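Residues per chain are reported as follows:
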Amino acid sequence: MNIRTTRIAAALAAAMLALPIAACGASDTGAEGPVTIRFNWWGSDTRAKLQQEVIDKFEAKYPDIKVETETSNYDDYITKLSTAAASGTLPDVMTMVDPFVYDYMDTGSLLDLSTASEQLDLSAFPEDSFSDVLGEQGEKYAVSLGSAGHGLAINPAVFEKYGVAIPDDETWSWEDFEKAAKEISEKSDGDAVGLNLEPTEQIANCWVRQQGQWFGMGPGGEPAVNFDAATLAGYLQFEKKLIDEGATNSPDQMQELSSAGASPEQSLLAQDKAGISLISMNQLSQFEEAAGHELQPVLWPGETQAPARGGWVKQSQYLAISANTAHPEAAATFVDYLVNDEEAGTIMGLDRGVPVNPNVLKAVQADTSGADQRFAEWVERSNAVNTQPFYRLNTGAAAALSSGAYSRAHEALIFGQSSPEQAAEAFKGELESAATN
Amino acid sequence: MAITIADRRARAPREPRRPATVQARREARAAHLFMLPWFLGVIIISLGPIVASAVLSFMKYRLVGSATWVGLDNYARMFSDERLAQSLKVTFVYVLFGVPLTLALALLLAVVLNRGVAGLSIYRSVYYLPSLFGGSVAVGVLWRQVFGADGIVNTFLGWFGIESTKSWVGSPDSALWTLIILHVWTFGSSMIIFLAGLRQIPAELYEAASLDGASAWQQFTRVTFPILTPIVFFNLVMGVINSFQNFAQAFVVSGGSGGPTDSTLVYALYLYQQAFGPTRDMGYASALGWLLVFIVGGLTAVNFALSRRWVHYDN
Amino acid sequence: MTTSTNPVVAPRPSGVAGIRASGTTAARSRAMAVLKHVLLILFGVGMVFPLLWMVSSSLKPDDQIFRNLNLIPIPPRWQNYVDGWTAQYYSFGHYMVNSLVITLATIVGNLVSCSMAAYGFTRLQWRGRQMAFGYMLMTLMLPIYVLIVPQYIMWAKLGFINSFVPLILPKFLATDAFFVFLMVQFFRGLPRELDEAAKVDGASYARIYFQVLMPNALPALATTAIFTFIWTWNDFFNQLLYLTKPANLTAAVALRNFADATSGISWGPLFAMSTLSLIPVFIVFLFGQRYLVEGVATTGLK
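From a predicted model like this one, the values you see are computed outputs, not experimental measurements.

**Q** Hey, could you go over the sheet that holds strand β9 (residues 314-321) of chain A for me, with residue numbers and the actual values?
**A** The pairing of strands in a sheet happens through backbone hydrogen bonds and is either parallel or antiparallel. Residue and element names in this part refer to chain A. Here five strands make up an open sheet; going across it, the order is β2-β1-β3-β9-β4 and the pairing mixed. Two strands in the sheet have a free side with no partner beyond their single neighbour: β2 (65-72) and β4 (143-148). Across this sheet, the average inter-strand angle for adjacent strands is 20°, counted without regard to direction. Pairing between strand β1 (residues 35-42) and β2: eight bridges, direction parallel.

**Q** Mind laying out the interface of chain C and chain A, listing which residues take part and the relevant values?
**A** Listed by partner, the interface residues are 45 residues for chain C and 43 residues for chain A. Both sides together, the interface formed by chain C and chain A hides about 3,800 Å², and carbon and sulfur atoms give 58% of it. Together, C:Y89, C:K245 and C:S263 form the three largest contributors to the area buried by chain C at its contact with chain A, with a combined 15%. Across the contact surface, chain C and chain A share two salt bridges. Among the salt bridges present, the one from C:K245 reaches A:E68, with a minimum N-O distance of 3.8 Å. At the surface where chain C touches chain A, the tally comes to eight residue pairs in polar contact (both at pLDDT 80 or more). At the level of elements, α2 (62-65), α4 (92-123), α6 (144-158), α10 (205-216), α12 (236-242), β1 (259-260) and β2 (264-265) of chain C are the ones that each hand at least two residues to the side of chain C that touches chain A. A per-class count over the side of chain C that touches chain A returns 28 nonpolar, eleven polar and six charged.

**Q** Report on the domain arrangement of chain A, specifying residues and quantitative values.
**A** Residue and element names in this part refer to chain A. The domains assigned to chain A are domain 1 (11-147 + 315-367) and domain 2 (150-311 + 389-434). On a C-alpha basis, the centres of domain 1 and domain 2 stand 32 Å from each other. Each side of the interface is counted separately: domain 1 has eight residues, and domain 2 has eight residues. If you look at where domain 1 meets domain 2, you find one residue pair in polar contact (both at pLDDT 80 or more). Looking at the side of domain 1 that touches domain 2, its residues break down into three nonpolar, one polar and four charged.

**Q** Please set out the interface of chain B and chain C residue by residue, giving values where relevant.
**A** The interface is formed by 112 residues belonging to chain B together with 103 residues belonging to chain C. Joining chain B to chain C, the criterion identifies zero salt bridges. Taken together, the links from chain B to chain C amount to ten residue pairs in polar contact (both at pLDDT 80 or more). The greatest single-element share of the side of chain B that touches chain C, amounting to 23 residues, is contributed by helix α2 (residues 20-56) of chain B. Grouping the constituent residues of the side of chain B that touches chain C by class yields 75 nonpolar, 24 polar and 13 charged.

**Q** So what's going on with the pattern of salt bridges? Which residues, and what values?
**A** Here the structure, examined in full by the defined rule, presents 27 salt bridges over all chains. For A:D103, the salt bridge goes to B:R62, with nearest N and O atoms at 2.9 Å. Of the two residues, A:D103 is situated in helix α4 (residues 100-106) and B:R62 in the loop between β1 (59-60) and β2 (68-69); the pairing between them involves two chains. Here the two residues A:D103 and B:R62 agree in accessibility, since each one is buried. A salt bridge links A:E303 to A:R309, with the shortest nitrogen-to-oxygen separation between them at 3.7 Å.

**Q** Please provide a residue-by-residue account of helix α6 (residues 137-147) of chain B, values included.
**A** Burial of α6(B) is extensive: ten of the eleven residues sit out of reach of the surface. B:A138, B:V139, B:G140, B:V141, B:L142, B:W143, B:R144, B:Q145, B:V146 and B:F147 are the residues of α6(B) that are buried.

**Q** Could you give an account of helix α17 (residues 420-436) of chain A, with specific residues and numbers?
**A** All names here are of chain A. Under the 1.5 Å per step criterion, the end-to-end length of α17 is 25 Å for 17 residues, consistent within 8% with the ideal 24 Å. Among all positions of α17, only P420, A423, A424, F427, K428, L431, A434 and A435 are buried. Projected down its long axis, α17 carries its buried residues within an arc of 130°, all on one side. In α17, the exposed residues that point more than 90 degrees away from the buried face are E425 and T436. Looking at the buried residues of α17, the elements they touch are α8 (229-244), α15 (395-402) and α16 (405-414).

**Q** Explain the domain arrangement of chain C to me, using residue names and the numbers behind them.
**A** All names here are of chain C. Looking at the assigned domains, one finds that chain C contains domain 1 (3-57) and domain 2 (85-299). Listed per partner, the contact involves six residues of domain 1 and five residues of domain 2. A buried area of about 560 Å², summed over both sides, lies between domain 1 and domain 2, and 80% of it is on carbon and sulfur atoms. Between the two partners, domain 1 and domain 2, sit zero salt bridges. Our count for the domain 1 to domain 2 interface comes out at zero residue pairs in polar contact (both at pLDDT 80 or more). When its residues are assigned to classes, the side of domain 1 that touches domain 2 shows five nonpolar, one polar and no charged.

**Q** Give me the environment of C:F179: which residues, what numbers.
**A** Residue and element names in this part refer to chain C. Looking at the secondary structure, you find F179 in helix α8 (residues 177-189). When its relative accessible area of 2% is taken as the criterion, F179 is described as buried. Between the C-alpha atoms of F179 and D63, which are 116 residues apart in sequence, the distance is 44 Å.

**Q** So what's going on with the packing of helix α4 (residues 82-114) of chain B against helix α1 (residues 26-57) of chain C? Which residues, and what values?
**A** Interaxial distance between α4(B) and α1(C) falls to 13 Å at its minimum, and their mutual angle equals 135°. Comparing their axes, α1(C) and α4(B) come out oblique. Two packed elements cross with a definite hand, and for α4(B) against α1(C) that hand is left-handed. Mapping the contact onto sequence places B:L105, B:L109, B:V112 and B:L113 in α4(B) and C:K36, C:L40 and C:F43 in α1(C).

What counts as what
Residues numbered from 1 in each chain as written. Chains lettered and ligands numbered in written order. Predicted model: local features only at pLDDT ≥ 70, side-chain atom pairs only at ≥ 80, totals over all residues. Heavy atoms only, no water. Pairing = 2+ DSSP bridges. Helix = DSSP H or I, 4+ residues; strand = E, 2+ residues; numbered from the N terminus. Axes fitted to C-alpha atoms, helices over the stretch in contact; angles between N-to-C directions. Contact = heavy atoms within 4.5 Å. Buried area = accessible area lost by both parts, 1.4 Å probe. Salt bridge = Lys/Arg side-chain N within 4 Å of Asp/Glu carboxyl O. Polar contact = N/O pair within 3.5 Å; in protein donor to acceptor, adjacent residues only side chain to side chain. Nonpolar A, V, L, I, M, F, W, Y, C, P; charged D, E, K, R; others polar. Domains from an automatic or database assignment. Buried < 20%, exposed > 50% of the residue type's maximum accessible area, 1.4 Å probe, protein only. Expected span 1.5 Å × (residues − 1). Arc of directions from axis to C-beta. Parallel < 35°, antiparallel > 145°, perpendicular 65-115°, else oblique. Left-handed = near helix turned anticlockwise from the far one by under 90°.

Laid out in C-alpha cells, this is it:
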C-alpha cells in the first residue's frame, strides 16, 4: 500500500515537472535573433488557408519576425480573447469588431496605433474608417481590414418566376417594397415569400436613420441612445403589417432559421423561396454559390422619400495591437504588411470585406469578378450616397444590443406578446439602462 | 444523511480481535492515504477558484479591465431580473418533466434489455448513441431537421393527413418541449448505469422469487427495484444536477439565444450568457452560480433526506 | 473467498442468469417476443435516425444537404472526408491523436483517484468525512463557467496554458466528483460482510480495496472509463481555453473551427469529421460494454 502511494506520488511529481517544459505560451523576448509575435483571428478553414499564405509571404520578407497564429470560430474567439485578457495574456495582434472592441478600448488594452507610425502607415486610410475605434483624444485603436455592411439582396430568379417586376432600387419607396413582397407571396401561392423576415435590427436601423435618428450615441456622446421609441414603433408596425399580409415567412420559421446561424445554404433566399432578404454583404458570393445563380444587391427602399438617407457602410473588422505587447515594432510591421501590402490584399481578396486602402483596393479589384465584384460595386454605390455617418453605440448599449435586446423585443412583437409601441419602448429601455451601468 | 445509516450498520459487527485504538489508528492512516489525491485536488485545484468565484460574486468584473467591489448589488439585482425569473421557470419545467421521463425510460429499457434479448449489445449501443453527441454543433442542426418547419415530424404528420408547416423549434409554445425531448433522447447514459447496477443483482434472487411464484412485476418491485435503489438515487440526484447545468443542448438548439422569447432559456444558458456573452459580467454570473448551488443543493438535500425512506444499502 | 450469506434467500442451485420461463404457451410467448423486438427496433430507429441523417449528409455536397432529406446520397461524396481531413493546419487525425492522449490519461486518472476517494468516503472512518462529502457534492453543483476564469488565471500564472496539464492533472486528484459519487453509490451497494470477512482473514485496508472492492466494482469502473472517455472526447470548452496553439488542438475544438457564422460553414466536411470523430467513441463503448456485462459472475458476487 505504501508502494502504491509512493508510485502515485512519483507519477504526479513527474507529470508536474515534465509537462511545464513542454508548455510554452508567451512570446520569447530574445534581444537578438528572431522575434515571435502571436496573431489571433477568427474565421473558417477557408480563410485560414488564405491567411497562412499571407503569413508565409510576410515571414519570407521579414525573416526576423516569426508569426504564431491561433484561430477559432467567431463565438469561441471572443471567449478565448476575454479569458486571455483576464489573465493578462492577450496576443500581440488580434482581429476586432464592435461591440467587444469598445470594452478593450475603454480599458486601455489596445495600443494607440499612431504611436507606431514608424512601422505602420495609416495615411492611405480615410478618416471615417476609424470612426468606430477612435479614443476620446482621437487615438486610433484599430485599423480596418475591410468594409462591408448589411444590405438587401434580391433574388431575380424568384421575381422572374412569379412575374413580379424588380423595382428600381434608387427610387423605390417602402410602399413599393411592401407591394413587391406581397405580390411574390400571392403569386407563388405559398411556395415563396416576398421578404425573408429579419430577426436582427438592421432594417429597423435603416428606417430609424432615415428619420435622422440612430441607435448609437448622439454627437459628443449625449444622449446615450439617440432615437425615439415612436420612430422605431413605426417600423415595427410596418413589419407587422407585412407579416399579417403574408408577405413574409412565419415568425416560427424565422426563429428556426436564425437559431441555425443564418448560413447561406439554409437561407430562404438561396433556396429560391424568398424574393428579398437582408444579408451580410460580404457573404454574397457564398449566397450565390448556394443559390446556383446570381443575386442582386440593392440599395435601401425609401431613401429618396425620407428626410435623411438611412444606408450605411461600416468596417467589417479591424486589426489591433495589444497595449502590453512586448514587441510593438514587430507587431506594427506585421499589421502594416497586412493592410497596406498589395500582394497580401490580393491573396485575401474580399474575404474580410472591401479593402479601405485605395491602393490595395485597386489591386484587388483588378482581380475580382462575379459576386465579389457585385459586392464591391454595392459598397461603392452605398458609399456614394452615404451621407449620414455611422455613429458608434455606447459601450454598454452595444453589448446589450449584441446580447439580444432587439431580438427579444422583436420576438415579443411577432409572437403576439407585445404591441409595436411596447416592443420599441422595451428595446429602448434596455439600451438606456445598459448604457448607464 | 445516508452515510449515517451505513455507519450505524457497519459499526455493529466489529470484530474484537485488535484493540480499538490500534484499529482506529490503522484506519486513520489508511484514510489519509486513500483520500490524499482528493485532498490535493481540493487544495490545488478546486478550493482556490471556488473561493475566488464567491468573492467575485460581490464584484463587477468584465474580464477586460479590473474588478470593482459592488457588495450585495449582484444579489439584489436578482430580485428584479425578469430574465432570471424566466430562466428559473423554464428550468423547473425542464427538470420536472425531463428528469422523470428520462429515468423512467432508462430504467424500463435497462430492465427489458437485462432480461436477455437477442441482439442485446446492439440495442444497448444503439440506445446509447444519442448520448455520444454531446453538445456538438451537429446536434442543433439535426434537431432542426427533425422538428423544423420542413422537418421529419411535419413530414410524419403529413402521412396522417395533418398539414403542418409549423416550426416546432421556432415556436414559443413548443420549443422547450423539443428541448425536453432532446434530453430524454439522451437517456442512454442513465440506462447504462442502470444496467451496471442490475448486473450486481444476484440471479439467485430471481430464481428464488420465481420459484416462489412471483410475477414479473412482483419480481421487479420486490427484488430488482429495492436493490437498485442506490443507483436510482444516484441517477435521480445527478439527473437533477445535470439538468440544471445542462446548457449545451439549449445552446445549439436555440442558437445561443434561449429563444424564441426566452422560452428555452435554461438557467445554465442564462448564466453562460452573463459570463461570456457580450454583456459579460463575471461578477453577476458568479452570483448566479452560487444561487444555483443553493437551489440545486436544496433539492439534493431534499433528495438525500427522502432517500432514507426508499433507498436500501447493504442488501 | 466466502460466498454471500444472505439471510433472505436460502441457497439454491444457480441457473441461467436473467431469463425466466413464462408460464404461458410457447406461441403466445413467441408473439410477445416478436412484439418486444418490433417495439425495440422502432424505438431504436428513432434513436438512430438523426445520426443516420448526419452520416448521409457527410456524403452530400453542401448545397444538397438541406434541400433533400434522402438518406442515401447518390453518388456519395467521399471528397467531403478528404476535405475535412485536410482542411485545417494539421490533419484531422492529428487532432484526434491529441484527443486520444488526453482522454486516455484522464481515464487512468479518474479510475485511480476516484475509486480511492470513494473507498475513503464509504469504508473508512475519519474526522470530517461528512463535511468533505458535502463539499464534494457541492463541487458538483457549481457550474464550471463560474469557476473557469479563476482556474484559467491560476493556470496562466503557473505557465501551463497551452499544455495538457490543466486538462489531465486535476483528473489524478479526484476532481471529477461525478465519478466519486458514482463509485460511492456502487461501493455502498456491496455488502460489508465481504469487508468483514476479509478483515477476519487479517487483510489490511489496502488489501480490502484491491481484492474485495475493486474486483466487485467492475461495472462501476467500466462505466467510469466509458463515460470519462466520451465526456473528455467531447469536452470542447476546457480544451478550447487551455489549448491555444494549432498543434495542440483536439478533435472537439477542431470541429468547431469548421463552423464560423461570419464567414461560412463547410457543412459537408463538418459532418464528415463529426462522423469520424464519433467512431472512436463508439468503438470504446462497444468494447467496454463487455465489462459492464461480465462484471459479475452469475452468483452475483465473487
